[in-house]
Amino acid sequence: MTQVADLAGRVRRRLGRELVRAGRRLTGPPAAPSAPAPGPAAAPGTIDLELYARDADPDRAAAIRSGAFGHGYLVRTGTEVVLPGFLGDWRRQQVGPLHLHLAPRTQVTVAGPADPGQADTVVVLGQPVDVDHGSTDVAAIAGRLRRTLARSGPDALVREAAYLAGRWTLLALGGDSRSPVLTVLPDAMASRPVFYRADVDGLTLASSEILVALAHDLPPSRAEAEAVAHGQLLRTGVVHSPGTLTAVEEVLPLVPNCLLRASLGPDGVPGRVRHERFWPFEQRAEETDLGEVAGAFADRMREHLRLLGELGPLWWSLTGGLDSRVTLAHSSPSVLTGTFTYLNPRDLQRSPEVADDLFVPNRLAAGLGVPHRVLRWRQAADGTVFDRLHRATYPLRRASHGAAHAMWADLPGDIVQVQSNGGEIGTTNTRARTDEPISPSALAALWLGPMARDVPGFAPIFADWAEHAQFRDDRLLGYDRHDLFYWEHRMGRWGHRKFLDGDLGHRLMLPFNDRRLLEIMHRSPIEQRVGKELYARVLDGRPDLDADR
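If you're wondering where the values come from, they're calculated on a predicted model, not measured in any experiment.

Undergrad: Summarise the sheet that holds strand β7 (residues 181-186); cite the residues concerned and give the values.
TA: Where strands meet in a sheet, backbone hydrogen bonds hold them as pairs that are either parallel or antiparallel. A sheet is described by the order of its strands in space; here six strands give the open sequence β4-β5-β6-β7-β11-β12, paired in antiparallel fashion. The open sheet has two free edges, formed respectively by β4 (108-111) and β12 (270-277), since each of these has just one partner strand. Taking each pair of neighbouring strands and ignoring which way they run, the sheet shows an average axis angle of 15°. In this structure, β7 lies alongside strand β11 (residues 258-264), joined through four bridges in antiparallel fashion. Bridge pairing in β11 places Leu-182 opposite Ala-262. Here helix α3 (residues 138-152) sits on the sheet in contact with β4, β5 (121-129) and β6 (165-174), set at roughly 140° to β5.

Undergrad: I'd love a proper account of the nonpolar core, names of residues and values included.
TA: It is characteristic of soluble globular proteins that their nonpolar side chains tend to be buried jointly. Counting 114 residues, the largest nonpolar core has Leu-170, Leu-205, Phe-297 and Phe-458 as the members making the most contacts within it. When residues in this core are grouped by element, the largest group, eight residues, is from helix α7 (residues 290-308). In this view, Leu-170 contacts Val-122, Val-123, Val-124, Leu-145, Leu-157, Ala-161, Thr-183, Val-184 and Leu-185; residues no more than four positions away in its chain are not counted.

Undergrad: Kindly report on the pairing of β5, identifying the contributing residues and their values.
TA: The side chains of a regular strand alternate between both faces of the sheet. Counting buried positions over the nine residues of β5 gives nine, a clear majority of the element. Sheet topology places β4 next to β5; four bridges connect them, and they run antiparallel. When the bridges of β5 are listed, Val-110 appears paired with Val-123. Bridge count for β5 against β6 is nine bridges, and the pairing is antiparallel. When the sheet's bridge partners are listed, Val-123 is paired in β6 with Leu-171.

Undergrad: I'd like a description of the packing of aromatic side chains, backed by residues and values.
TA: What the rule picks out here adds up to 16 aromatic pairs. For the ring pair Trp-279 and Trp-487, a centre distance of 4.9 Å and an interplane angle of 50° mean the geometry is tilted. Placement of Trp-279 in the loop between β12 and α7 and of Trp-487 in helix α17 (residues 481-503) is noted, with a sequence separation of 208 residues between them. Here the two residues Trp-279 and Trp-487 agree in accessibility, since each one is buried. Taken together, a centroid distance of 6.3 Å and an interplanar angle of 40° make the contact between Phe-340 and Tyr-342 tilted. Each member of the pair, Phe-340 together with Tyr-342, is buried. What links up through ring pairs into an aromatic cluster is the set Trp-447, Phe-458, Phe-462, Trp-465, Phe-471 and Phe-485. Taking the ring centre of Trp-494 as reference, the NZ or CZ of Arg-490 above it sits at 4.3 Å. Of note, Arg-516 hangs over the ring of Tyr-163, and the distance from its end group to the ring centre comes to 4.0 Å.

Undergrad: Tell me about the sheet that holds strand β14 (residues 336-343), and please be specific about residues and values.
TA: If you trace the five strands from one edge of the open sheet to the other, you get β15-β14-β13-β16-β17, paired in parallel fashion. Only two strands of the sheet have a single partner each, and these edge strands are β15 (372-376) and β17 (507-509). Strand-to-strand twist of the sheet, defined as the mean angle between neighbouring strand axes without regard to direction, takes the value 30°. Relative to β14, strand β13 (residues 314-317) is paired through four bridges, and the arrangement is parallel. When the sheet's bridge partners are listed, Leu-314 is paired in β14 with Leu-336. The strands that helix α10 (residues 356-368) touches are β14 and β15; relative to β14, the one it contacts most, it runs at about 170°. Packed on one face of the sheet, helix α12 (residues 402-410) meets β14, β15 and β16 (416-418) and runs near 130° to β15.

Undergrad: Any chance you could break down the environment of Pro-352 for me, citing the residues and the numbers?
TA: Within the secondary structure, Pro-352 sits in the loop between α9 (345-350) and α10. A relative accessible area of 56% places Pro-352 in the exposed class. The spatial distance from the C-alpha of Pro-352 to the C-alpha of Asp-89 is 47 Å, given a sequence separation of 263 residues.

Thresholds applied
- Residues numbered from 1 in each chain as written.
- Predicted model: local features only at pLDDT ≥ 70, side-chain atom pairs only at ≥ 80, totals over all residues.
- Heavy atoms only, no water.
- Pairing = 2+ DSSP bridges.
- Helix = DSSP H or I, 4+ residues; strand = E, 2+ residues; numbered from the N terminus.
- Axes fitted to C-alpha atoms, helices over the stretch in contact; angles between N-to-C directions.
- Contact = heavy atoms within 4.5 Å.
- Core = buried A, V, L, I, M, F, W, Y, C linked by side-chain atoms within 4.5 Å.
- Buried < 20%, exposed > 50% of the residue type's maximum accessible area, 1.4 Å probe, protein only.
- Phe/Tyr/Trp six-rings, centres within 6.5 Å; stacked < 30°, edge-to-face > 60°.
- Lys NZ or Arg CZ within 6 Å of the ring centre and 35° of its normal.

This is the structure:
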């Protein structure tokens, strides 16, 4: 015990010494792009607006504008805002009190009322997939949701929209058109994220906190940078932002399974903006018959993938792991166009076992008679199109971009990438499970590991997040808090950045981004879910997808 205490003490002292240096290093100015020529250096802790300068070459300018922020958006009520540089060339559209700024590839669908005196308007950003009704027709989906809103109100709309798969963000205006109530709802994983900020002049919503910062000239968040710096001292690998902290001051995230509500005045200025949990709707029901769960899972997954095939050529991100093989097991040969696996050459040098994640997918794809590509991680050269669009998307703390660059450069732009993240929401990710009550220190440990419990400052961060997300046992209605924390915090704070890697060059869809499918998976007892018995049942019937054959 003395050795453990000494170790903890040394870690805390090191954290104290390194905190300021690490935080400052992470919030320093980004490297300026090689093209166009940079102007004066950005002041420490600010976003360099030269990153958004319009390129002199029309073709390069169009490619940078198309890629930056993927299928991004910014929505403003009240006093309008201006985005800098080439972001100011994004499409503009007004829907009642909503001023929309839309990236070139962002889908928007509006269903409005026949009576101009009523709000009753639904705006869908992205591509929902209606597995219940077998439809990818966004206009039909939006029209049905608008009728539900007009007939039964916003709560009924939320309940109906919550079971749409696909990737989308929904904005609904209900009530009187002069003072409507705005409801903002994300898809199951908030895979097209919502960051928001309310001020005395209006409400801003965006797919990235950077867009909010650019619209309002906001500074980076030192608290977020310091928390991430702490985390990087505790473990290697990716450390995502904790709690409600974002890279920008005054900007908050919309948590999966939660929504925003705001009453807008005649000038579009909101009253109180409320962040509310809406799911679970009902107490969790348990089903011990694995065959029942597997049958419902297969029916739902198979139909979802059939519908995704209507959107374009499907290319699977395939590994030797379970999640991608299970989704592939439910695909039809008619919709499966290709597979790919990306490789970081440095990982191969450090761990020869990484080769298994190349050879297994290659062998599986060959057995299915579909192409398989290996995408090599690599950095984009300074000043190239990808370098510029990626720096514009991540101007404060540049994300690792080897995989994103490989997908952008080596995959066709018209494909639909099938990414199997999210399966662990239903089959468990957290291995160190305890019966202790929900507490800020317990949530910090779920974020980063046991040592995070003792780091000063982490507990208040997760106390704020638990209050923000109403993350307490009486609101979780029997669902396992370890799995919901993974869903709402891990996927909510890290997942969308993973998905953006694909969005920069094409469309990406998520078979597990389906609330009804996740509910089916959560019917199984915890022992079956930890043992991934559902996956084993699926793959027992597909020897051609056996990784060890």
